[in-house]
Amino acid sequence: DVKVTQSSRYLVKRTGEKVFLECVQDMDHENMFWYRQDPGLGLRLIYFSYDVKMKEKGDIPEGYSVSREKKERFSLILESASTNQTSMYLCASRRAGAYTGELFFGEGSRLTVL
Amino acid sequence: TQLLEQSPQFLSIQEGENLTVYCNSSSVFSSLQWYRQEPGEGPVLLVTVVTGGEVKKLKRLTFQFGDARKDSSLHITAAQPGDTGLYLCAARNSGGSNYKLTFGKGTLLTVNP
(Lines give C-alpha, C1' and ligand atoms only; values in the text may rest on other atoms or scores of the structure.)
Protein backbone atom coordinates (compact mmCIF):
# COMPACT_ATOMS: atom_id res chain seq x y z
CA ASP A 1 0.00 0.00 0.00
CA VAL A 2 1.07 3.54 -0.74
CA LYS A 3 1.81 5.39 2.41
CA VAL A 4 2.13 9.12 2.83
CA THR A 5 3.28 10.05 6.31
CA GLN A 6 3.09 13.51 7.80
CA SER A 7 5.43 14.05 10.71
CA SER A 8 3.06 15.76 13.10
CA ARG A 9 -0.69 15.28 13.49
CA TYR A 10 -1.08 18.29 15.79
CA LEU A 11 1.12 21.32 16.34
CA VAL A 12 0.68 24.47 18.38
CA LYS A 13 3.02 27.36 17.58
CA ARG A 14 3.28 31.02 18.46
CA THR A 15 3.06 33.92 16.05
CA GLY A 16 6.43 34.58 14.44
CA GLU A 17 7.82 31.08 14.96
CA LYS A 18 9.31 29.13 12.08
CA VAL A 19 7.35 25.98 11.38
CA PHE A 20 8.40 22.89 9.45
CA LEU A 21 5.85 20.36 8.23
CA GLU A 22 7.40 17.19 6.91
CA CYS A 23 5.91 14.70 4.48
CA VAL A 24 7.39 11.37 3.38
CA GLN A 25 6.03 8.94 0.78
CA ASP A 26 7.23 5.40 0.21
CA MET A 27 6.06 4.71 -3.36
CA ASP A 28 8.77 6.48 -5.35
CA HIS A 29 6.28 9.09 -6.64
CA GLU A 30 7.71 12.02 -8.53
CA ASN A 31 4.89 14.48 -7.85
CA MET A 32 4.16 15.81 -4.37
CA PHE A 33 1.71 18.46 -3.19
CA TRP A 34 0.85 20.58 -0.17
CA TYR A 35 -2.75 21.66 0.38
CA ARG A 36 -4.44 23.48 3.20
CA GLN A 37 -8.01 22.67 4.15
CA ASP A 38 -10.29 25.17 5.83
CA PRO A 39 -14.02 24.87 6.61
CA GLY A 40 -16.08 26.34 3.81
CA LEU A 41 -13.04 26.80 1.57
CA GLY A 42 -12.17 23.22 0.66
CA LEU A 43 -8.65 22.18 -0.31
CA ARG A 44 -6.41 24.87 -1.71
CA LEU A 45 -3.05 24.14 -3.31
CA ILE A 46 -0.09 25.86 -1.69
CA TYR A 47 2.88 24.40 -3.60
CA PHE A 48 3.67 21.35 -5.64
CA SER A 49 6.82 19.61 -6.76
CA TYR A 50 6.99 17.54 -9.92
CA ASP A 51 10.45 16.17 -9.17
CA VAL A 52 13.43 16.49 -6.84
CA LYS A 53 14.50 20.11 -6.37
CA MET A 54 11.61 21.24 -8.56
CA LYS A 55 8.76 23.31 -7.17
CA GLU A 56 5.93 25.46 -8.43
CA LYS A 57 3.56 27.81 -6.71
CA GLY A 58 -0.01 26.77 -6.27
CA ASP A 59 -2.96 29.06 -5.67
CA ILE A 60 -1.99 30.39 -2.21
CA PRO A 61 1.83 30.33 -1.84
CA GLU A 62 2.16 33.58 0.13
CA GLY A 63 3.75 33.05 3.52
CA TYR A 64 4.99 29.56 2.63
CA SER A 65 8.04 27.96 1.09
CA VAL A 66 8.90 24.36 0.30
CA SER A 67 11.91 22.09 0.03
CA ARG A 68 12.33 18.89 -2.00
CA GLU A 69 15.91 17.68 -1.56
CA LYS A 70 15.04 13.99 -1.77
CA LYS A 71 12.41 12.29 -3.86
CA GLU A 72 10.52 10.84 -0.93
CA ARG A 73 10.40 13.98 1.20
CA PHE A 74 8.55 17.27 0.68
CA SER A 75 8.68 19.89 3.40
CA LEU A 76 6.44 22.89 3.90
CA ILE A 77 7.98 25.83 5.73
CA LEU A 78 6.24 28.73 7.39
CA GLU A 79 9.04 31.28 7.85
CA SER A 80 7.09 33.37 10.36
CA ALA A 81 3.82 31.79 11.40
CA SER A 82 0.74 33.96 11.63
CA THR A 83 -2.69 33.27 13.10
CA ASN A 84 -4.29 33.14 9.66
CA GLN A 85 -2.14 30.11 8.92
CA THR A 86 -4.04 28.09 11.50
CA SER A 87 -5.38 25.25 9.39
CA MET A 88 -5.29 21.59 8.44
CA TYR A 89 -2.36 20.88 6.10
CA LEU A 90 -2.53 17.90 3.76
CA CYS A 91 0.36 16.41 1.84
CA ALA A 92 -0.23 14.24 -1.23
CA SER A 93 1.79 12.35 -3.80
CA ARG A 94 1.18 10.98 -7.28
CA ARG A 95 3.07 9.04 -9.89
CA ALA A 96 4.56 11.20 -12.66
CA GLY A 97 2.58 11.30 -15.88
CA ALA A 98 -0.52 9.98 -14.17
CA TYR A 99 -2.51 13.16 -14.71
CA THR A 100 -5.77 11.30 -14.21
CA GLY A 101 -4.17 9.18 -11.55
CA GLU A 102 -4.86 9.00 -7.87
CA LEU A 103 -3.58 11.50 -5.34
CA PHE A 104 -2.50 9.70 -2.17
CA PHE A 105 -2.95 11.85 0.91
CA GLY A 106 -1.41 11.80 4.34
CA GLU A 107 -3.58 12.02 7.43
CA GLY A 108 -3.03 15.74 7.78
CA SER A 109 -1.26 18.08 10.19
CA ARG A 110 -3.47 20.36 12.19
CA LEU A 111 -1.58 23.56 12.96
CA THR A 112 -2.74 26.12 15.50
CA VAL A 113 -0.91 29.43 15.61
CA LEU A 114 -1.51 31.44 18.78
CA THR B 1 -8.31 29.28 -11.48
CA GLN B 2 -11.18 27.01 -12.37
CA LEU B 3 -14.05 27.17 -9.90
CA LEU B 4 -15.77 23.94 -8.92
CA GLU B 5 -19.10 24.36 -7.22
CA GLN B 6 -20.44 21.53 -5.12
CA SER B 7 -23.98 21.23 -3.83
CA PRO B 8 -25.37 20.79 -1.34
CA GLN B 9 -22.74 21.90 1.15
CA PHE B 10 -24.33 19.88 3.97
CA LEU B 11 -26.63 16.87 3.83
CA SER B 12 -28.08 14.94 6.76
CA ILE B 13 -30.24 11.93 5.95
CA GLN B 14 -31.56 8.73 7.49
CA GLU B 15 -30.13 5.31 6.80
CA GLY B 16 -31.71 3.78 3.72
CA GLU B 17 -32.41 7.04 1.88
CA ASN B 18 -30.98 7.93 -1.51
CA LEU B 19 -29.03 11.09 -2.24
CA THR B 20 -27.27 12.94 -5.03
CA VAL B 21 -24.32 15.32 -4.79
CA TYR B 22 -23.42 17.66 -7.64
CA CYS B 23 -20.21 19.20 -8.93
CA ASN B 24 -20.42 21.96 -11.56
CA SER B 25 -18.16 24.36 -13.39
CA SER B 26 -18.29 26.80 -16.28
CA SER B 27 -15.09 25.23 -17.60
CA VAL B 28 -14.62 21.98 -19.47
CA PHE B 29 -12.86 19.28 -17.50
CA SER B 30 -10.34 16.93 -19.04
CA SER B 31 -10.94 14.59 -16.11
CA LEU B 32 -12.75 14.61 -12.81
CA GLN B 33 -12.25 12.69 -9.60
CA TRP B 34 -14.39 12.09 -6.52
CA TYR B 35 -12.75 11.64 -3.12
CA ARG B 36 -14.19 10.80 0.29
CA GLN B 37 -12.62 12.09 3.47
CA GLU B 38 -13.48 10.60 6.85
CA PRO B 39 -12.86 12.55 10.08
CA GLY B 40 -9.18 12.63 11.02
CA GLU B 41 -8.08 11.16 7.71
CA GLY B 42 -6.90 12.39 4.34
CA PRO B 43 -9.14 12.16 1.25
CA VAL B 44 -9.28 8.80 -0.52
CA LEU B 45 -10.03 8.42 -4.21
CA LEU B 46 -13.39 6.87 -5.12
CA VAL B 47 -13.41 7.22 -8.90
CA THR B 48 -11.96 9.01 -11.93
CA VAL B 49 -14.12 9.88 -14.93
CA VAL B 50 -12.64 11.00 -18.22
CA THR B 51 -15.18 10.60 -21.03
CA GLY B 52 -18.24 12.82 -21.44
CA GLY B 53 -21.41 10.88 -20.57
CA GLU B 54 -19.45 8.26 -18.68
CA VAL B 55 -21.18 6.41 -15.85
CA LYS B 56 -19.28 4.39 -13.28
CA LYS B 57 -20.66 2.30 -10.46
CA LEU B 58 -18.95 1.40 -7.21
CA LYS B 59 -21.33 -0.80 -5.21
CA ARG B 60 -24.11 1.59 -4.09
CA LEU B 61 -22.38 4.65 -5.55
CA THR B 62 -23.04 5.81 -9.12
CA PHE B 63 -20.89 8.51 -10.70
CA GLN B 64 -21.87 10.37 -13.83
CA PHE B 65 -19.83 12.74 -15.98
CA GLY B 66 -21.84 15.24 -18.01
CA ASP B 67 -21.87 15.00 -21.79
CA ALA B 68 -20.16 18.39 -22.08
CA ARG B 69 -17.67 17.48 -19.33
CA LYS B 70 -18.65 20.51 -17.25
CA ASP B 71 -20.51 18.72 -14.48
CA SER B 72 -20.63 15.51 -12.52
CA SER B 73 -22.88 13.84 -10.00
CA LEU B 74 -22.52 11.23 -7.30
CA HIS B 75 -25.61 9.23 -6.39
CA ILE B 76 -25.73 6.98 -3.33
CA THR B 77 -28.47 4.39 -3.06
CA ALA B 78 -29.69 3.19 0.34
CA ALA B 79 -27.17 5.23 2.29
CA GLN B 80 -25.52 3.67 5.33
CA PRO B 81 -23.84 5.28 8.36
CA GLY B 82 -20.50 4.16 6.92
CA ASP B 83 -21.07 6.53 3.99
CA THR B 84 -20.73 9.49 6.37
CA GLY B 85 -17.91 11.79 5.34
CA LEU B 86 -16.83 14.75 3.26
CA TYR B 87 -17.23 14.16 -0.48
CA LEU B 88 -14.91 16.20 -2.67
CA CYS B 89 -14.81 16.56 -6.41
CA ALA B 90 -11.52 17.50 -8.05
CA ALA B 91 -10.81 18.33 -11.64
CA ARG B 92 -8.09 19.12 -14.10
CA ASN B 93 -9.41 21.46 -16.77
CA SER B 94 -8.67 21.21 -20.45
CA GLY B 95 -5.60 23.17 -21.37
CA GLY B 96 -4.59 23.64 -17.77
CA SER B 97 -1.50 22.53 -15.94
CA ASN B 98 -1.01 18.81 -16.06
CA TYR B 99 -0.04 18.84 -12.41
CA LYS B 100 -2.70 20.99 -10.87
CA LEU B 101 -5.92 19.54 -9.52
CA THR B 102 -8.60 21.94 -8.31
CA PHE B 103 -10.92 20.80 -5.53
CA GLY B 104 -14.49 21.78 -4.80
CA LYS B 105 -15.44 22.87 -1.29
CA GLY B 106 -17.02 19.53 -0.52
CA THR B 107 -20.34 18.09 0.60
CA LEU B 108 -20.49 16.98 4.22
CA LEU B 109 -22.77 13.96 4.40
CA THR B 110 -24.14 12.57 7.64
CA VAL B 111 -26.12 9.34 7.53
CA ASN B 112 -28.04 8.76 10.74
CA PRO B 113 -28.81 5.19 11.87
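What counts and how
Residues numbered from 1 in each chain as written. Chains lettered and ligands numbered in written order. Predicted model: local features only at pLDDT ≥ 70, side-chain atom pairs only at ≥ 80, totals over all residues. Heavy atoms only, no water. Helix = DSSP H or I, 4+ residues; strand = E, 2+ residues; numbered from the N terminus. Rg over C-alpha atoms; globule rule 2.2 N^0.38 Å. Buried < 20%, exposed > 50% of the residue type's maximum accessible area, 1.4 Å probe, protein only. Contact = heavy atoms within 4.5 Å. Areas by Shrake-Rupley, 256 points an atom, 1.4 Å probe, with all protein chains shown as cover. Lys, Arg positive; Asp, Glu negative; His and termini not counted. Charge placed at Lys NZ, Arg CZ, Asp CG, Glu CD. Buried area = accessible area lost by both parts, 1.4 Å probe. Salt bridge = Lys/Arg side-chain N within 4 Å of Asp/Glu carboxyl O. Polar contact = N/O pair within 3.5 Å; in protein donor to acceptor, adjacent residues only side chain to side chain. Core = buried A, V, L, I, M, F, W, Y, C linked by side-chain atoms within 4.5 Å. Disulfide = S-S within 2.5 Å. Pairing = 2+ DSSP bridges. Axes fitted to C-alpha atoms, helices over the stretch in contact; angles between N-to-C directions.

## Focus: the overall build of chain A
- Helix and strand counts for chain A stand at 0 helices and 11 strands.
- Its C-alpha atoms give chain A a radius of gyration of 13 Å, within 12% of the compact-globule value 13 Å for 114 residues.
- Every one of the 114 residues in chain A was classed for burial, and the buried ones make up 48%.
- Look at the contacts in chain A between residues 6 or more apart in sequence, and 55% of them connect residues 24 or more apart.
- Approximately 5,500 Å² of chain A is accessible, and the part contributed by carbon and sulfur atoms is 49%.
- The positive charge centre, built from 17 side chains, and the negative charge centre, built from 16, are 4 Å apart in chain A.

## Let's talk about the interface of chain B and chain A
- Facing the 24 residues of chain B at the interface are 23 residues of chain A.
- Summing both partners gives a buried area of about 1,900 Å² for chain B against chain A, and 55% of it is carried by carbon and sulfur.
- Here chain B and chain A share 0 salt bridges between them.
- Applying the counting rule to chain B against chain A returns 4 residue pairs in polar contact (both at pLDDT 80 or more).
- Residue assignment for the side of chain B that touches chain A shows that the elements contributing at least two residues are strand S4 (29-37), strand S5 (44-49) and strand S9 (85-93) of chain B.

## Describing the pattern of salt bridges
- Inspection of the entire model under this criterion finds 11 salt bridges over all chains.
- In this structure, the salt-bridge partner of Glu30(A) is Lys71(A), at a minimum N-O distance of 3.4 Å. Taken together, the positions of Glu30(A) in the loop between strand S3 (19-25) and strand S4 (31-38) and Lys71(A) in the loop between strand S7 (65-70) and strand S8 (73-78) put the pair 41 residues apart, joining distant regions of the chain.
- Residue Lys56(B) pairs with Glu54(B) through a salt bridge whose shortest N-O separation is 3.7 Å.
- The exposure class assigned to Lys56(B) is partly exposed, which follows from its relative accessible area of 31%.
- Given the relative accessible area of 19%, Glu54(B) is considered buried.
- One network of salt bridges, in which partners are shared, links Asp28(A), Glu30(A) and Lys71(A).

## Topic: the environment of Tyr50(A)
- Inspection of the secondary structure puts Tyr50(A) in the loop between strand S5 (42-49) and strand S6 (56-57).
- With 44 residues separating them in the primary sequence, Tyr50(A) and Arg94(A) have C-alpha atoms 9.2 Å apart.

## Some words on the nonpolar core
- Within the largest apolar cluster, 22 residues are counted, with the highest numbers of intra-cluster contacts made by Leu19(B), Leu32(B), Trp34(B), Phe63(B), Leu74(B), Ile76(B) and Leu109(B).
- Among the secondary structure elements, those contributing two or more residues to this core are strand S3 (19-24), S4, S5, strand S7 (61-65), strand S8 (71-76), S9 and strand S11 (107-112) of chain B.
- One finds Trp34(A), Phe74(A), Ala81(A) and Tyr89(A) within the second-largest nonpolar core, a separate group that totals 20 residues.

## Overview of the state of the cysteines
- Per the counting criterion, the structure on display carries 2 disulfides over all chains.
- The partner cysteine of Cys23(A) in its disulfide is Cys91(A), sulfur to sulfur 1.9 Å. Its S-S torsion of about -80 degrees marks the bond between Cys23(A) and Cys91(A) as left-handed, since a negative value means left-handed. Of this pair, Cys23(A) sits in strand S3 while Cys91(A) is found in strand S9 (residues 87-94), placing the two residues 68 residues apart along the sequence. Residue Cys23(A) shares its accessibility class with Cys91(A), and that shared class is buried.
- Paired by a disulfide, Cys23(B) and Cys89(B) hold their sulfur atoms 2.1 Å apart. Negative torsions about the S-S bond denote left-handed disulfides, and the value of about 75 degrees found for Cys23(B) with Cys89(B) makes this one right-handed. Of this pair, Cys23(B) sits in strand S3 while Cys89(B) is found in strand S9, placing the two residues 66 residues apart along the sequence. Taken as a pair, Cys23(B) and Cys89(B) share a single burial class, namely buried.

## Let's talk about the sheet that holds strand S6 (residues 55-58) of chain B
Residues and elements named next belong to chain B.
- Taken in spatial order, the 5 strands of this open sheet run S1-S3-S8-S7-S6, and their pairing is antiparallel. Strand pairing shows two members of the sheet lacking a second neighbour, strand S1 (5-7) and S6, which therefore form its edges. Averaged over all pairs of adjacent strands, the angle between strand axes in this sheet comes to 15 degrees, irrespective of strand direction.
- Sheet topology note: the S1/S3 ladder contains 3 bridges and is antiparallel. Across the sheet, Glu5 pairs through a bridge with Asn24, a residue of S3.

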